[in-house]
Amino acid sequence: GAVVSQHPSWVICKSGTSVKIECRSLDFQATTMFWYRQFPKQSLMLMATSNEGSKATYEQGVEKDKFLINHASLTLSTLTVTSAHPEDSSFYICSARTGGWHTEAFFGQGTRLTVV
Amino acid sequence: TQLLEQSPQFLSIQEGENLTVYCNSSSVFSSLQWYRQEPGEGPVLLVTVVTGGEVKKLKRLTFQFGDARKDSSLHITAAQPGDTGLYLCAGAMSGGGADGLTFGKGTHLIIQP
């Protein structure tokens, strides 16, 4: 299957700082990538849809100024958690669908963010 | 309101037993996918079903898509400890790759040796 690489795998940062997470499609081009958040023992919640060359679409309740998304190329989307606080600590996962109809979504390995 | 109801949420059984996980919705999906996730890792795709009534088999795992494309099931035969993990169903409301997936809450499966 297609490969999606996410970096870093885990990060610890101080409260008030910003953290950038990268999501790359390694062997295919993705005009659309998705960012999810997952709390312990819970399922994935879609945060936003990242569109190459245009603004991201955020789900209801997700602060766009808090979670900045940039999709500057067909293989890279970034999520920046700005002014992070302990409640932002979570597991963040990106995915990309390979395009075409009825396509599967492939996920990165996730980023464990801990804000102290 | 949860768009995709997945059950059971937690299941612990002995090695060798059979089990079924259900994923139900009142909405019609273009396709439905099953993933398995290990702690600290991203979900790994197991199968995609797109046609109502479709049945797919992956070794000891059997996946079925309901005729109306509103529900799906995952059946595991003779479960092994290696099957332990979080199983997630996810539906796509439309094709074309432009929409994010809607996930069920997941089934935490533990297979005891």
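The notes below deal with the structure included here.

What counts and how
Residues numbered from 1 in each chain as written. Chains lettered and ligands numbered in written order. Predicted model: local features only at pLDDT ≥ 70, side-chain atom pairs only at ≥ 80, totals over all residues. Heavy atoms only, no water. Helix = DSSP H or I, 4+ residues; strand = E, 2+ residues; numbered from the N terminus. Buried < 20%, exposed > 50% of the residue type's maximum accessible area, 1.4 Å probe, protein only. Polar contact = N/O pair within 3.5 Å; in protein donor to acceptor, adjacent residues only side chain to side chain. Contact = heavy atoms within 4.5 Å. Salt bridge = Lys/Arg side-chain N within 4 Å of Asp/Glu carboxyl O. Core = buried A, V, L, I, M, F, W, Y, C linked by side-chain atoms within 4.5 Å.

So, on to the side chain of H71(A). All names here are of chain A. When you line up the elements, H71 lands in strand β7 (residues 67-73). Accessibility expressed as a relative area gives 4% for H71, which makes it buried. A polar contact of 3.4 Å, which involves the side chain of H71, links it to the backbone nitrogen of E52. Sequence-distant contacts of H71, that is, excluding residues within four places in its chain, are made with A30, T31, T32, M33, S50, N51, E52, G53, L76 and S77.

Let us now look at the pattern of salt bridges. All names here are of chain A. Per the stated rule, a full pass over the model turns up five salt bridges over all chains. Where D88 meets K66, a salt bridge forms, and the shortest distance between an N and an O atom there is 2.7 Å. Within this pair, whereas D88 is found in the loop between β8 (76-81) and β9 (90-97), its partner K66 is found in the loop between β6 (57-58) and β7, the two being separated by 22 residues in sequence. Of the residues examined, D88 reaches a relative accessible area of 5% and is grouped as buried. Classification of K66 as buried rests on a relative accessible area of 11%.

By size, the foremost hydrophobic cluster in this structure holds 26 residues, and its most contacted members are V4(A), W35(A), F67(A), I69(A), L79(A), Y92(A) and L113(A). Those elements that provide at least two residues to this core are β2 (10-13), β3 (19-25), β4 (32-38), β5 (44-51), β7, β8, β9 and β11 (111-115) of chain A. When neighbours within four sequence positions are excluded, F67(A) is seen to be in contact with R37(A), M47(A), Y58(A), V62(A), L79(A), T80(A), V81(A), D88(A) and Y92(A). Ranked by size, the runner-up nonpolar core spans 20 residues in total, among them L19(B), F29(B), L32(B) and I111(B).

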